[in-house]
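Topology and contacts: notes
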Amino acid sequence: MKQLPKSHATLIEGQMFRLMKSGQGKPSIVLINGAGGPLDGWYKLYPEIEQLGTVFAYDRPGVGGSPKPREAQYGETVVAQLRLLLQTAGVEPPFVLVGHSFGGLHANLFARAFADEVAGVMFLEATAPDDVTTLKQFQSPLQRGFINLLDRISPRDQFDEIRHEAETVKDIQEAPAFPPVPVTVLSGTKRLPRWMVPAALVRERERTQLGLAALSPLGERIEARRSAHFPQLTEPALVLDALKRLVARTKV
């Protein structure tokens, strides 16, 4: 059975973070979880991912082994905390960012804010800025009901960043242009029943995924045909192969 490397806790600016660092060499691969997702969700990529360079993963405040946030988790806050955490942990650039789901927004913003430190980006079933502003109008009544229920019953700290998603999108819009680095957009294309996910939403999601690939002239799109939202769990070999090729394209 696959196991993750040992994690530990680090304190920066009054906030405790659970983190994990393994592997060695360049580039430094930075795994950025989706909203509410702990670093344990990357376990199927280990130990193979460690052959590609230094690998860093962490729990954002309010998730997994990191206690509740001490300040609102706006995008610029999350990115500033991540950069300081990387510096404290001795994880050096160049970085290859891997942003899953909501973590794609943070990878997007980090690449813009610290372009000189980023060698490549993988958007893994990632949220695009337009997803935040337009997808809601295409949701089915079942989806809206589930999201409202989740908002009522979930710990506020765990999904604080989602409650500030509009501000995070604004941070991205106001940031510098996305750098011309290699980009891989890996999207799960396994269709859920139409009564759960309307066809119009699927088409809009396809548009926004292609938009992520178009952020860079070195962007490419890969479809994970046997996966829905978690290719790293359902098709880890495909994710690892795509990441290996992305690292090779960075020429680090």
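Cut-offs used in this document
Residues numbered from 1 in each chain as written. Predicted model: local features only at pLDDT ≥ 70, side-chain atom pairs only at ≥ 80, totals over all residues. Heavy atoms only, no water. Salt bridge = Lys/Arg side-chain N within 4 Å of Asp/Glu carboxyl O. Helix = DSSP H or I, 4+ residues; strand = E, 2+ residues; numbered from the N terminus. Pairing = 2+ DSSP bridges. Axes fitted to C-alpha atoms, helices over the stretch in contact; angles between N-to-C directions. Expected span 1.5 Å × (residues − 1). Buried < 20%, exposed > 50% of the residue type's maximum accessible area, 1.4 Å probe, protein only.

Considerations on the pattern of salt bridges
- This model, assessed by the stated rule, comprises 14 salt bridges.
- Between D40 and R18 there is a salt bridge, with the nearest N and O atoms lying 2.9 Å from each other. Linking D40 in the loop between β3 (28-32) and β4 (54-58) with R18 in strand β2 (residues 15-22), this pair joins segments that are 22 residues apart in sequence.
- One continuous salt-bridge network, built from bridges that share partners, spans E220, D241, R245 and R249.

A short note on the sheet that holds strand β7 (residues 183-188)
- Overall, mixed pairing links the eight strands, which are arranged β1-β2-β4-β3-β5-β6-β7-β8 in an open sheet. The sheet is open, and its two borders are formed by β1 (8-12) and β8 (219-224), each paired with just one other strand. Sheet twist, expressed as the mean angle between neighbouring strand axes with direction ignored, is 25 degrees.
- With six bridges connecting them, β7 and β8 associate as parallel partners.

Points about helix α1 (residues 75-88)
- Spanning 14 residues, α1 covers 20 Å between terminal C-alpha atoms, matching the ideal 20 Å at 1.5 Å per step.
- Of the positions making up α1, those classed as buried are G75, T77, V78, V79, Q81, L82, L85 and L86.
- Positioned one or two residues after α1, G90 has a phi angle of 70 degrees, which is positive.

Some points on unusual backbone geometry
- A cis geometry characterises the amide bond from Y46 onward to P47, with omega recorded as 0 degrees.
- Looking at the secondary structure, you find P47 in the loop between β3 and β4.
- Cis geometry marks the peptide bond from P93 to P94, where omega comes out at 10 degrees.
- By the secondary structure assignment, P94 is in the loop between α1 and β5 (95-100).
- Positive phi, close to 55 degrees, is recorded for S101, a residue that is not glycine.
- Secondary-structure assignment places S101 in the loop between β5 and α2 (103-113).
- For S101, a relative accessible area of 14% gives the class buried.
- Although it is not a glycine, K251 sits at a positive phi angle of roughly 55 degrees.
- Its location among the elements puts K251 in the segment after α9 (236-250).

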